[in-house]
Amino acid sequence: MKIAVLGAKIIGSTLARKWARAGYEVMFGVRTVDNPVVQALAQELGAAVGTPAEAIAFGEAIVFAIPGNAMEETIAAHGPALAGKIVIDAANRMGGGAMNSAALFAAHAPAAQVYRTFNSLGWENFEDPVFDGVPADLFYCGPTGAGQAAVEGLIGDAGLRPVRLGDLAQVGLVDTIGSLWFTLAFGQGMGRQLAFKVLTR
Ligand SMILES: NC(=O)c1ccc[n+]([C@@H]2O[C@H](COP(=O)([O-])OP(=O)(O)OC[C@H]3O[C@@H](n4cnc5c(N)ncnc54)[C@H](OP(=O)(O)O)[C@@H]3O)[C@@H](O)[C@H]2O)c1
């Protein structure tokens, strides 16, 4: 599968590294295509670099790994190009109100298949998601079908176990997991090397 990763710094580079190693074709979508840091990263990973528009055209799955305050402008600019694409919203909008961009995708890209995930843990836990031999769980929500299989594959190939919370109506619950992570990591001083596991029998 071809993946467009919009944003190439902390989260974008961490996830792209995992997916490139797992054999996905990756293209970064960035504002400054000739940024030497991004070019070096892409060369290391065997990835391509283009504008956000070029990356969206390339990708079957589009991962938003840009600052939350850039989401509205970016989604509005590329809404029609997202039609039919698998969209992964990893961005957290920190300014109050919803942390996710589900309403923006609904308004500007109603034909996209939108999933909320990779937002609820610090990046360190995507880089190394195994705790004492146990892979962390990663919660997500979004539609069933082909997109679901693709998103579960991307989570699994990053080394985590996908746990679906339901369709996109559960986006607030996924964000609550992110709030729980912040509360434990910082509020309770447990640190950023922290993830979640669902136990069943
Ligand atoms: N860091 C984490 O642990 C973590 C975990 C989960 C989710 N997230 C979420 O992931 C997103 C990215 O976080 P990050 O830590 O990776 O941030 P970051 O290191 O600051 O990277 C942001 C990336 O977005 C690009 N960018 C900045 N403004 C943009 C704009 N207006 N339009 C398009 N691209 C823009 C930056 O490129 P330039 O070089 O051009 O500025 C950079 O590549 C955030 O929404 C964050 O909430 C982060």
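You'll find the structure just up there.
Presented here is an overview of the structure given in this document. Please read all numbers here as calculations on a predicted model, not as lab measurements. (Residues numbered from 1 in each chain as written. Predicted model: local features only at pLDDT ≥ 70, side-chain atom pairs only at ≥ 80, totals over all residues. Heavy atoms only, no water.)

**Remarks on the overall build of the chain**
When helices and strands are tallied, the chain shows 8 helices and 10 strands. Relative to a compact globule of 201 residues, whose C-alpha radius of gyration would be 17 Å, the chain shows 16 Å and is just as compact. For the chain, the spread of C-alpha atoms along the three principal axes comes to 45 × 35 × 35 Å. Looking at the chain residue by residue over its 201 residues, the buried ones come to 50%. (Helix = DSSP H or I, 4+ residues; strand = E, 2+ residues; numbered from the N terminus. Rg over C-alpha atoms; globule rule 2.2 N^0.38 Å. Buried < 20%, exposed > 50% of the residue type's maximum accessible area, 1.4 Å probe, protein only.)

**A closer look at helix α7 (residues 146-157)**
The end-to-end C-alpha distance of α7 is 16 Å, a good match for the 16 Å that 12 residues give at a rise of 1.5 Å each. Those residues of α7 lying buried are Gly147, Gln148, Ala150, Val151, Leu154 and Ile155. For α7, the buried positions fall inside an angular range of 165° around the axis, keeping them on one side. What points out from α7, more than 90 degrees from its buried face, is the exposed set Ala146 and Ala149. One or two steps after α7, the chain reaches Gly159, where phi turns positive at roughly 100°. (Expected span 1.5 Å × (residues − 1). Arc of directions from axis to C-beta.)

**Describing the side chain of Asn125**
One can find Asn125 in helix α6 (residues 124-127). Since its relative accessible area comes to 0%, Asn125 is described here as buried. Separated by 2.8 Å, the side chain of Asn125 and the backbone oxygen of Arg192 make a polar contact. Only 3.1 Å separates the side chain of Asn125 from the backbone nitrogen of Leu194, close enough to count as a polar contact. The contact partners of Asn125, leaving out residues within four places of it in the chain, are Phe131, Leu160, Trp181, Arg192, Gln193 and Leu194. (Polar contact = N/O pair within 3.5 Å; in protein donor to acceptor, adjacent residues only side chain to side chain. Contact = heavy atoms within 4.5 Å.)

**Some points on helix α2 (residues 36-45)**
The α-helix winds at 3.6 residues per turn, so residues separated by three or four positions along the chain end up facing the same way. The complete set of buried residues in α2 reads Val38, Leu41, Ala42 and Leu45. For α2, the arc enclosing every buried residue in end-on projection is 100°, short of the 170-degree limit, so these residues lie on one face. In α2, the exposed positions that point more than 90 degrees away from the buried face belong to Pro36, Gln43 and Glu44. The inward-facing, buried residues of α2 contact α1 (10-21), β2 (25-29) and β3 (48-50).

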